[in-house]
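Chain residues, written in single-letter form:
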Amino acid sequence: MRALCLTLTIATATAAAAGEPDFSAMTPEYTPEVCVLGGGPSGVAAAIAAARNGADTLLVEQYGFLGGASTAAGVNVFMTYRYAGGIFRDVLHRLDQLHARRGSAFDVNLMQVALDQLVGEAGARVLLYTRGIACTVGPGNPWQGKPRRTITGLIIHNKSGIQMVRAKVYIDCTGDGDLAAWAGAPFEIGRREDGLTQPMTLIFRMGGCTYQGGSLMDYPGMEDYWASYAWNPNPGEITLNMTRIKGFSGVSGEDLTQATIEGRRQVLEAVRALKENVPGFEDAYLLEMAPQIGVRETRRVMGATILTGEQIIDPALMYEHRADVIARNNYPVDIHDPQGTEARIVPVRDGYEIPYRTLLPRGLDNLLVSGRCISADHVALSSLRI
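What counts, and at which threshold
Residues numbered from 1 in each chain as written. Predicted model: local features only at pLDDT ≥ 70, side-chain atom pairs only at ≥ 80, totals over all residues. Heavy atoms only, no water. Helix = DSSP H or I, 4+ residues; strand = E, 2+ residues; numbered from the N terminus. Contact = heavy atoms within 4.5 Å. Areas by Shrake-Rupley, 256 points an atom, 1.4 Å probe, with all protein chains shown as cover. Lys, Arg positive; Asp, Glu negative; His and termini not counted. Charge placed at Lys NZ, Arg CZ, Asp CG, Glu CD. 1 Å grid on protein atoms, 1.4 Å probe; cavity = no way out; pocket = protein on both sides within 12 Å on 5 of 7 lines; lining within 4 Å. Points joined across faces, edges and corners; volume = space filled by probe spheres on them. Nonpolar A, V, L, I, M, F, W, Y, C, P; charged D, E, K, R; others polar. Buried < 20%, exposed > 50% of the residue type's maximum accessible area, 1.4 Å probe, protein only. Pairing = 2+ DSSP bridges. Axes fitted to C-alpha atoms, helices over the stretch in contact; angles between N-to-C directions. Salt bridge = Lys/Arg side-chain N within 4 Å of Asp/Glu carboxyl O. pLDDT = per-residue confidence, 0-100. Core = buried A, V, L, I, M, F, W, Y, C linked by side-chain atoms within 4.5 Å. Expected span 1.5 Å × (residues − 1). Arc of directions from axis to C-beta.

A. Quick look at the overall build of the protein. When its secondary structure is counted, the protein shows 8 helices and 20 strands. Once the C-alpha set of the protein is aligned to its principal axes, its extents read approximately 65 × 50 × 45 Å. In the protein, the share of contacts with a sequence separation of at least 24, taken over all contacts with a separation of at least 6, comes to 71%. On the protein, roughly 17,700 Å² of surface is accessible, and the fraction owed to carbon and sulfur atoms is 53%. With 35 positive and 41 negative side-chain charges, the protein shows a separation of 4 Å between the mean positions of the two kinds.

Okay, structure coming up:
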């Protein structure tokens, strides 16, 4: 217990600071070239890409399965996309081989299998049931005359106890920028005027459904809901996005606890409303509430450049970034009101490009970020998070 308490005291500081325990002599359990923290879609892609390029890669994931929001949070649908290249295309092909996809929706359990296979075939090692809990930081290599820091170790915890990972490069794919924040990278949270973030949602699935389609919100008794849904590959199964949990922080343990409890209460209300008001749901039943609440927005790590809402809505403003483009997206701006029930949808003109520099946190020389914590403003995040 004493060792655990001492470890937790260094979450955002250097190991050499006065009055703190020195972990420099701790025998590392893992010494990969690349350590990816977080096994969601971005973490899986990072680990596969690193391993395919010959790097000794370790992927660390807190749950007993990969997939992040797509599995743990039950978001089992690929939203509108135009570009299906690279690792995303490989995932689609593998799901098809497993007969696990119906259009844009996929089977959550078989997605876990597909990602296991793809990561294993790439040669990356995986540690499940493992959380990052802190990091150690030391002096880094200056850049353009400015001092920088380097991550010297990632402290992890699982049933084997507390262990150290010493990698050459770390990739923060936690979605919340946890590792970047521990290492002291600058970040922003929420919209500029008040710091409020988009509401959370607890996704749920129902079975035995014979609904014929259309807008759920058009039925009497459903006016107070913002609702979307997707038919699952299994007959009669439907995934529903109907809960809105407002006023909670996704980087607060207490808030996440209360938000999840509130989410489960809202799910039961939504199920009742569907069964009472929507034809085709009379005999439907609750199959599953997602194990993890869906968090749309937390930290945005400030990087070498910041992707803005203006740039993604008007790609002409992206000209200066195109030299280092690494991905493309055409999903619209999709901002759920932090305080109300509406969602603001703004189309992007012709898709946009994501520059590599949004993955490079300021002030650190061996850390990249990927996923929804990359360097962007509140408006751009609402599109690229998809």
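B. Here's a closer look at the layout of surface pockets. Space inside the second largest pocket adds up to approximately 420 Å³. A per-class count over the lining of the second largest pocket returns 8 nonpolar, 3 polar and 4 charged.

C. Structural view of the pairing of strand β13 (residues 238–241). Across the two faces of β13 the burial is the same, with I238 and L240 and T239 and N241 all buried. Here 4 bridges tie strand β12 (residues 228–231) to β13, and the two strands are oriented antiparallel to one another. Looking at the pairing, Y229 lines up with L240 of β13. Where β12 folds back on β13, the antiparallel hairpin that results is connected by 6 residues, among which G236 adopts a positive phi of roughly 80°.

D. Quick look at the environment of A290. Tracing the chain through its elements places A290 in the loop between β14 (285–289) and β15 (299–301). For the pair A290 and K275, spaced 15 residues apart in sequence, the C-alpha to C-alpha distance is 20 Å. Not counting residues within four places of it along the chain, the set of residues in contact with A290 comprises A72, A73, G74, L202 and I203.

E. Looking closely at the sheet that holds strand β11 (residues 204–207). The antiparallel open sheet is built from 4 strands, whose spatial order is β12-β13-β11-β14. The sheet is open, and its two edges are formed by β12 and β14, each paired on a single side. Each neighbouring strand pair of the sheet contributes to a mean axis angle of 30°, computed without reference to strand direction. As paired strands, β11 and β14 are joined by 4 bridges and run antiparallel to one another. When the bridges of β14 are listed, R205 appears paired with E288.

F. Region of the structure containing the side chain of R296. Relative to the helices and strands, R296 is located in the loop between β14 and β15. Of the side chains with opposite charge, D334 lies nearest to the buried R296, which makes no salt bridge, at 6.3 Å. Once residues within four sequence positions are removed from consideration, R296 is found in contact with Q198, P199, M200, T201, N241, H336, R372, L381 and R385.

G. Fine view of unusual backbone geometry. Although it is not a glycine, H99 sits at a positive phi angle of roughly 55°. Tracing the backbone shows H99 in the loop between α3 (86–97) and β3 (101–102).

H. A look at the confidence of the model for the protein. When pLDDT is averaged along the protein, the result is 89; 90% of the residues meet or exceed 70. Within the model, pLDDT remains below 50 along residues 1–19, and this stretch shows 39 contacts once partners closer than five positions in the same chain are excluded.

I. Seen up close, the nonpolar core. Among the nonpolar cores identified, the biggest contains 37 residues, and L154, Y170, L179, L307 and L384 are the most heavily contacted of them. Contact partners of L154, with chain neighbours within four places excluded, come to C35, L37, G132, A134, C135, Q163, M164, V165, Y170, L179 and W182.

J. Quick peek at helix α2 (residues 41–52). Given a rise of 1.5 Å per residue, 12 residues ought to cover 16 Å, and the 16 Å separating the end C-alpha atoms of α2 matches this to within 8%. Within α2, the full set of buried residues consists of S42, G43, V44, A46, A47, I48, A50 and A51. In the core, the buried residues of α2 are packed alongside β1 (34–37), β2 (57–60), α3, α4 (108–122) and β9 (169–172). Immediately downstream of α2, the backbone of G54 shows phi near 95°, a positive value.

K. Geometry of α3. Taking 1.5 Å per residue, 12 residues should reach 16 Å; α3 reaches 17 Å between its end C-alpha atoms and fits that length. Those residues of α3 that fall on the buried side of the exposure criterion are I87, V91, L92, R94 and L95. What you see down the axis of α3 is that its buried residues fit within an arc of 165°, all on one side. As for α3, its buried residues are in contact with α2, β3, β4 (105–106) and α4.

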